[in-house]
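# Close look at the chain arrangement
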Amino acid sequence: MTITPSQNKTLFHELAALLTGQLFFPDDAGYEQVRQLWNGRVKTQPAAIARCLTVEDVIHTLRWTRAHGLPLSVRGAGHDFAGRALAQNGIVIDLSQMKAVTIDPDKRTAQVEGGATAGDLIEAAEKYGLATTTGTASLGMSGFTLGGGYSPLMGVYGLGVDNLLSAQVVIADGQLVTANAQEYADLFWGLRGGGGNFGIVVSLEYRLHPLTTVLSGMLFYPLEQARAVFRQFNEFIATAPDELTIQFGFIQTPEGQTVLLLSPTYCGALEAGERAIAPLRTFGTLLVDQVQPVTYNALIHRAEIAPKGRHYYSQTQSLNGLQTEAIEVLIEQGLPFSSPFSMIGLINFHGAASRVGAYETAFALRQDHLLVNILAAWEPQSPDEEQRHIQWAQNISRSLAPYAFKGGYINLLDQEEQERVPLTFGTNYERLLDLKRKYDPDDVFRLTVGHLAL
Ligand SMILES: Cc1cc2nc3c(=O)[nH]c(=O)nc-3n(C[C@H](O)[C@H](O)[C@H](O)COP(=O)(O)OP(=O)(O)OC[C@H]3O[C@@H](n4cnc5c(N)ncnc54)[C@H](O)[C@@H]3O)c2cc1C
């Protein structure tokens, strides 16, 4: 059904009157700003955006949208590269203003509203010397967690989902429920890696850990040494301690030089960290060495290499180790980049994240692996070139597939890659389908990462 505010203002005013927050229409002055996602390439035009301020706003909007048979989407902080937070001609339940964070320092827990970012959480928790697993940037905690949640801390503390204690969810019929190990335990299982298939998460409770400072930063090596560095790195990560999680890949520096990057984060005693990281400094000729103690807050907010508003296209694979053939693909097909802003980033999934059983949460890939994000990025001024950037990312991804586990991290899959979703969920897929039939039989939440098609 397509319905626009200009066709039926009265109808939409009915919804507006129910809300504490504001309802934005395409002809409102603020609409474009409110609509903007992280990825400037996303031009999807919702019929209205409901900026919810309360759980009641969420429930009213859901019920109203269902009653009028309109498409619906849910927005956390809007970081999804594929732009699934916006429904074309539909209604957006926008949680981005619901960002409150409450810390319980005695219990070491954080209660976080559905639109809060990692930055909101870390800022509130660091006053007590506490933190939890977050992404590498200040992302929306909801989307990050529902998809799984890879983090520089995951070797010690596991994925985002492994730190989730409880969630308050508005399910498809408009009921507000609490899901945790005791109540709605099946839903709680599904929320931990099953995407936004089952409801609107209005708040999340996380376990916190004593942590303020980590040893982290960037090491740059010349491209000519990439093969040699990768070979040594491959041996190194096989025995890397849990405390050491490493992002690596290729980026172009602001000076225009493409370099091989290793970016370790050691989460533990700093002296032990220096010893653990020392071998990385000997893998080649270091062009830059910025590894130093930093607060976790500063790490998450360090210079943004994928800033808001640029145009992005993301592809992903989960490599089964760093085989020689995969290294060749990264070097031979990855370089030169499609644009100075494109990049290839990997992170080693290991330690605590790998010790959780594949059936314990909906997130199924619990073997050690290397998550690859091939990120084509370009300035909005060059839209004609879009296909070239997209093909660059797709070609690399296709060539890496033979060396990867089936499926791919749902938060980084493109909307056109629905066929990879069942492969990602693997042995958990049937159980997830059963949950979808139980909690969302009408497929209200179809515009989501990891959509389960009934
Ligand atoms: C710069 C950058 C760096 C990144 N780094 C990492 C990283 O280190 N680790 C990692 O794991 N991922 C990373 N990602 C991917 C990130 O996890 C996803 O983009 C995630 O979806 C962001 O969450 P969000 O709440 O902002 O999502 P949004 O774009 O707001 O929403 C995306 C989808 O998530 C679902 N959703 C979001 N909030 C809710 C909610 N409250 N209730 C129900 N469904 C909801 C909806 O289906 C929605 O369509 C990165 C992304 C970017 C842009």
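Residues numbered from 1 in each chain as written. Predicted model: local features only at pLDDT ≥ 70, side-chain atom pairs only at ≥ 80, totals over all residues.

## A few points about the domain arrangement of the chain
- Domain parsing of the chain yields domain 1 (9–94), domain 2 (101–211) and domain 3 (213–418).
- Relative placement of domain 2 and domain 3: their C-alpha centres are 24 Å apart.
- Elements with a contribution of two residues or more to the side of domain 2 that touches domain 3: helix H4 (118–126), helix H5 (141–147), helix H6 (154–157) and helix H7 (185–191).
- Counted by class, the side of domain 2 that touches domain 3 contains 14 nonpolar, 13 polar and 4 charged residues. (Domains from an automatic or database assignment. Helix = DSSP H or I, 4+ residues; strand = E, 2+ residues; numbered from the N terminus. Nonpolar A, V, L, I, M, F, W, Y, C, P; charged D, E, K, R; others polar.)

## A closer look at the pairing of strand S2 (residues 48–51)
- The side-chain alternation of S2 yields two buried faces, one formed by Ala48 and Ala50 and the other by Ile49 and Arg51.
- Judged from the 2 bridges that link them, strand S1 (residues 23–24) and S2 form a sheet pairing that is antiparallel. Directly across from Leu23, in S2, lies its bridge partner Ala50.
- Taken together, the 4 bridges between S2 and strand S4 (residues 91–94) define a ladder with parallel strand orientation. Among the inter-strand pairings, Ala50 is bridged to a residue of S4, identified as Ile93. (Buried ≥ 20, exposed ≤ 12 C-beta atoms within 10 Å, placed from the backbone. Pairing = 2+ DSSP bridges.)

## Things to note about helix H11 (residues 324–332)
- Listed as buried for H11 are Ala326, Val329 and Leu330. Seen along its axis, H11 keeps its buried residues to an arc of 95 degrees; they face one direction. Facing away from the buried surface of H11 by more than 90 degrees, the exposed residues are Thr324, Glu325 and Glu332.
- If you follow the buried residues of H11, they end up packed against strand S18 (311–319), strand S19 (343–349) and helix H12 (386–400). (Arc of directions from axis to C-beta. Contact = placed C-beta atoms within 7 Å.)

## As for unusual backbone geometry
- In the segment running from Leu335 into Pro336, the intervening peptide bond is cis, with an omega of -5 degrees.
- Assignment of secondary structure puts Pro336 in the loop between H11 and S19.
- Non-glycine residue Asn89 carries a positive phi angle of around 60 degrees.
- Structurally, Asn89 can be placed in the loop between strand S3 (72–75) and S4.
- You will see that Asp443, though not glycine, has its phi angle at about 55 degrees, which is positive.

## Side note on the sheet that holds S4
- Judged by pairing direction, the sheet is mixed, and its 4 strands sit side by side in the order S1-S2-S4-S3 without closing on themselves. The strands lining the two open edges of the sheet, one partner per strand, are S1 and S3.
- The sheet strands contacting helix H3 (residues 55–67) are S2, S3 and S4, and the helix crosses S4 at an angle near 165 degrees. (Axes fitted to C-alpha atoms, helices over the stretch in contact; angles between N-to-C directions.)

## Remarks on the nonpolar core
- Counting residues in hydrophobic clusters, the biggest one holds 141 residues, and the most contacted among them are Ile93, Val169, Leu187, Ile200 and Leu261.
- If one sorts the elements of this core by residue count, strand S20 (residues 369–378) sits on top with 8 residues.
- Setting aside residues up to four positions removed in sequence, Ile200 forms contacts with Val58, Leu62, Val74, Ile93, Val169 and Val170. (Core = buried A, V, L, I, M, F, W, Y, C linked by C-beta atoms within 7 Å.)

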